Amino acid sequence: MVQSQWPYWLPLRADLRNISPYGAPQIDDVVALNTNENPFSLPTEVVEAMTARLGTVIADLNRYPDRDAVNLRKKLAHYITQSTGVEVTDENIWAANGSNEILQTLFLACGGADHLALGFTPSYSVHPLIAQITKTPWFAGSRDEDFGIDIPKAKKLIRDKSPHLVFVTTPNNPSGTSTSIADLKELAEASGSVGALLIVDEAYAEFSEELSALTLLADFPHVVVVRTMSKAFAFAGARTGYLVAKPAVINAALVARLPYHLSSLTQAAAETALEFTPAMQAEIEVLVTERERVAQALVEVGFRVVPSAANFLLFAGFKGEPSAVWQAFLDRGILIRDIGLRGFLRVSIGTPSENDQFIAALREIAE
Ligand SMILES: Cc1ncc(COP(=O)(O)O)c(C=O)c1O
């Protein structure tokens, strides 16, 4: 809805009148490779266990959920400790409805009109969007041509701007590129020196070989790692994200969160998913192998592909406008993402058969 369409009687904030709701197109009967979902549905054994568990929870829906989601946080702590070797407990974890809610809560707790947030763009566009909604000033630092962060420049920027929140997404969305742990450490030092939280959005960490920023937590109390079950756990529909940080950050999130924000159903479903971690994550390897196969196919038809450590690829080198290429894919039943980055399109990695369809369409389009 554009400005002129808001009814006169609606006291909508003036600074929100020109904002469109965030979201990618949701179109039926297409191969959807546009939102970086995990394309594999849940294994039957998990569906059965989850159905049984939810059956028991439903009878108690007259009660509010565990406000602090302690069991879920314990299970997430166990997962993080097992998968990264960084020992954490439930006191280091806070969970919410997707990592988007985690991000929003961090902004509510530590952002606001007199607290600057800084990120390195192009990156996840929801960071500046939540900044705007929470009236937090946002400074967009840049990335270089290959989407890396120039560390000396970034450190200078952090020192000059003295933000309260610094955002780094790694692997980065939309580029798929990752920031090395050595570089993250330098950014943590710079952020600490100005009293900023360094918020590392690791939504795609499980697809990457890089060391997690979690390894910095022991030395840098102001590092916050944001994770999600939407991607590697193939659990986007259940809306479960979490952060890993020092207990003080969790206490700050508790101040800003809504009471009973995470439903009993979500908590029970996520706990069950975590009990089946190997089964839930069984397809990560397939997705990584498929990513390389799709990248190869893109290169073979003459596109430039940005090296990715995530479950998607950013590619460029079109003869015409990217929007025409996007449409040509859609005409062949394949929905990819035009993220508004000049000259680039992004494709999520699907199942092998979906990727076959993408590659077949690609070859036709590139002819
Ligand atoms: C970098 C990044 N962070 C966070 C999210 C949000 O994920 P969710 O809210 O599903 O946990 C996404 C989703 O695509 C993302 O790309």
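All values reported here derive from a predicted model rather than from experimental measurement. (Residues numbered from 1 in each chain as written. Predicted model: local features only at pLDDT ≥ 70, side-chain atom pairs only at ≥ 80, totals over all residues. Heavy atoms only, no water.)

1. Remarks on the pattern of salt bridges
Thought 1: All chains considered together, the criterion is met by 13 salt bridges.
Thought 2: Note that Arg-227 and Glu-206 form a salt bridge whose closest N and O atoms lie 3.6 Å from each other. On the criterion of sequence distance, the pair formed by Arg-227 in strand 7 (residues 223–228) and Glu-206 in the loop between strand 6 (197–201) and strand 7 is long-range, its members being 21 residues apart.
Thought 3: Assessed through its relative accessible area of 17%, Glu-206 is described here as buried.
Thought 4: Among the ionic pairs, Arg-293 bridges to Asp-356, the shortest N-O distance being 2.9 Å. On the criterion of sequence distance, the pair formed by Arg-293 in helix 10 (residues 284–300) and Asp-356 in helix 12 (residues 352–366) is long-range, its members being 63 residues apart.
Thought 5: Residue Arg-293 is classed as partly exposed on the basis of its relative accessible area of 30%.
Thought 6: Through salt bridges with shared partners, a single ionic network connects Glu-202, Glu-206 and Arg-227. (Salt bridge = Lys/Arg side-chain N within 4 Å of Asp/Glu carboxyl O. Helix = DSSP H or I, 4+ residues; strand = E, 2+ residues; numbered from the N terminus. Buried < 20%, exposed > 50% of the residue type's maximum accessible area, 1.4 Å probe, protein only.)

2. With respect to the side chain of Ser-175
Thought 1: Mapped onto the elements, Ser-175 comes out in the loop between strand 5 (165–169) and helix 6 (181–193).
Thought 2: Taking relative accessible area as the criterion, Ser-175 reaches 0% and is therefore assigned buried.
Thought 3: Of the polar contacts made by the side chain of Ser-175, one reaches the side chain of Asn-172; its length is 3.0 Å.
Thought 4: Dropping the residues within four chain positions of it, Ser-175 is found in contact with Phe-147, Val-306, Pro-307, Phe-312 and Leu-314. (Polar contact = N/O pair within 3.5 Å; in protein donor to acceptor, adjacent residues only side chain to side chain. Contact = heavy atoms within 4.5 Å.)

3. What about the pairing of strand 3 (residues 117–121)?
Thought 1: A large share of strand 3 lies buried, amounting to 4 of its 5 residues.
Thought 2: As paired elements, strand 3 and strand 4 (residues 138–142) share 5 bridges and run parallel to each other. Across the sheet, residue Gly-119 finds its bridge partner in strand 4, namely Ala-140.
Thought 3: Considered for its hand, the β-α-β crossover made up of strand 3, helix 4 (residues 126–133) and strand 4 is right-handed.
Thought 4: For strand 3 and strand 5, the ladder comprises 3 bridges, and the chain directions are parallel. (Pairing = 2+ DSSP bridges. Right-handed = clockwise from strand over helix to strand, strands pointing away.)

4. Let's talk about the packing of helix 1 (residues 44–58) against helix 8 (residues 264–275)
Thought 1: Running from N to C, helix 1 and helix 8 cross one another at 150°; their axes reach a closest spacing of 9 Å. Classified by the angle their axes make, helix 1 and helix 8 are roughly antiparallel. The two elements helix 1 and helix 8 meet at a crossing, and its hand is right-handed. Between helix 1 and helix 8, the contacting residues are Ala-49, Met-50, Arg-53, Leu-54, Val-57 and Ile-58 on the first element and Ser-264, Leu-265, Ala-268, Ala-269, Glu-271, Thr-272 and Ala-273 on the second.
Thought 2: When its residues are assigned to classes, the contact of helix 1 with helix 8 shows 9 nonpolar, 2 polar and 2 charged. (Axes fitted to C-alpha atoms, helices over the stretch in contact; angles between N-to-C directions. Parallel < 35°, antiparallel > 145°, perpendicular 65-115°, else oblique. Left-handed = near helix turned anticlockwise from the far one by under 90°. Nonpolar A, V, L, I, M, F, W, Y, C, P; charged D, E, K, R; others polar.)

5. Points about the domain arrangement of the protein
Thought 1: Domain annotation of the protein identifies domain 1 (3–43 + 282–366) and domain 2 (45–279).
Thought 2: On a C-alpha basis, the centres of domain 1 and domain 2 stand 23 Å from each other.
Thought 3: Opposite the 28 residues of domain 1 that make contact, domain 2 presents 32 residues.
Thought 4: Taking both partners together, domain 1 and domain 2 bury about 2400 Å²; carbon and sulfur atoms supply 65% of that area.
Thought 5: Sorting the residues of domain 1 by area buried against domain 2 places Tyr-22, Leu-42 and Pro-43 first, and these three jointly supply 24% of that buried surface.
Thought 6: The tally of links between domain 1 and domain 2 comes to 0 salt bridges.
Thought 7: Scanning the region where domain 1 abuts domain 2 turns up 13 residue pairs in polar contact (both at pLDDT 80 or more).
Thought 8: Elements represented by at least two residues in the side of domain 1 that touches domain 2 include exactly helix 10, strand 10 (312–316) and strand 12 (344–348).
Thought 9: With 4 residues, the top contributor of residues to the side of domain 1 that touches domain 2 is helix 10.
Thought 10: Looking at the side of domain 1 that touches domain 2 residue by residue, the classes come out as 19 nonpolar, 5 polar and 4 charged. (Domains from an automatic or database assignment. Buried area = accessible area lost by both parts, 1.4 Å probe.)

6. Let's talk about the site of the ligand
Thought 1: If you check the shell around the ligand, you find 13 residues, and the closest are Ser-99, Asp-201, Tyr-204, Thr-228 and Ser-230.
Thought 2: The contact in question runs from an oxygen atom of the ligand to an N or O atom on the side chain of Tyr-204, over 2.7 Å.
Thought 3: When the ligand is considered free in solution it has 400 Å² of accessible area, and contact with the protein chains removes 93% of it.
Thought 4: Take the shell around the ligand: its biggest share by element is 3 residues, from helix 3 (residues 98–110).
Thought 5: Taken together, the residues of the shell around the ligand break down into 3 nonpolar, 7 polar and 3 charged. (Near = heavy atom within 4 Å. Areas by Shrake-Rupley, 256 points an atom, 1.4 Å probe, with all protein chains shown as cover.)

7. Concerning helix 7 (residues 247–256)
Thought 1: All buried positions along helix 7 are accounted for by Val-249, Ile-250 and Ala-253. Projected down its long axis, helix 7 shows its buried positions confined to an angular sector of 100°, all on one face. Exposed residues pointing more than 90 degrees away from the buried face of helix 7 are listed as Ala-248 and Val-255.
Thought 2: Summarising the contacts, the buried residues of helix 7 are in contact with helix 2 (70–84), strand 2 (93–96), helix 3, strand 6, strand 7 and strand 8 (241–244). (Arc of directions from axis to C-beta.)

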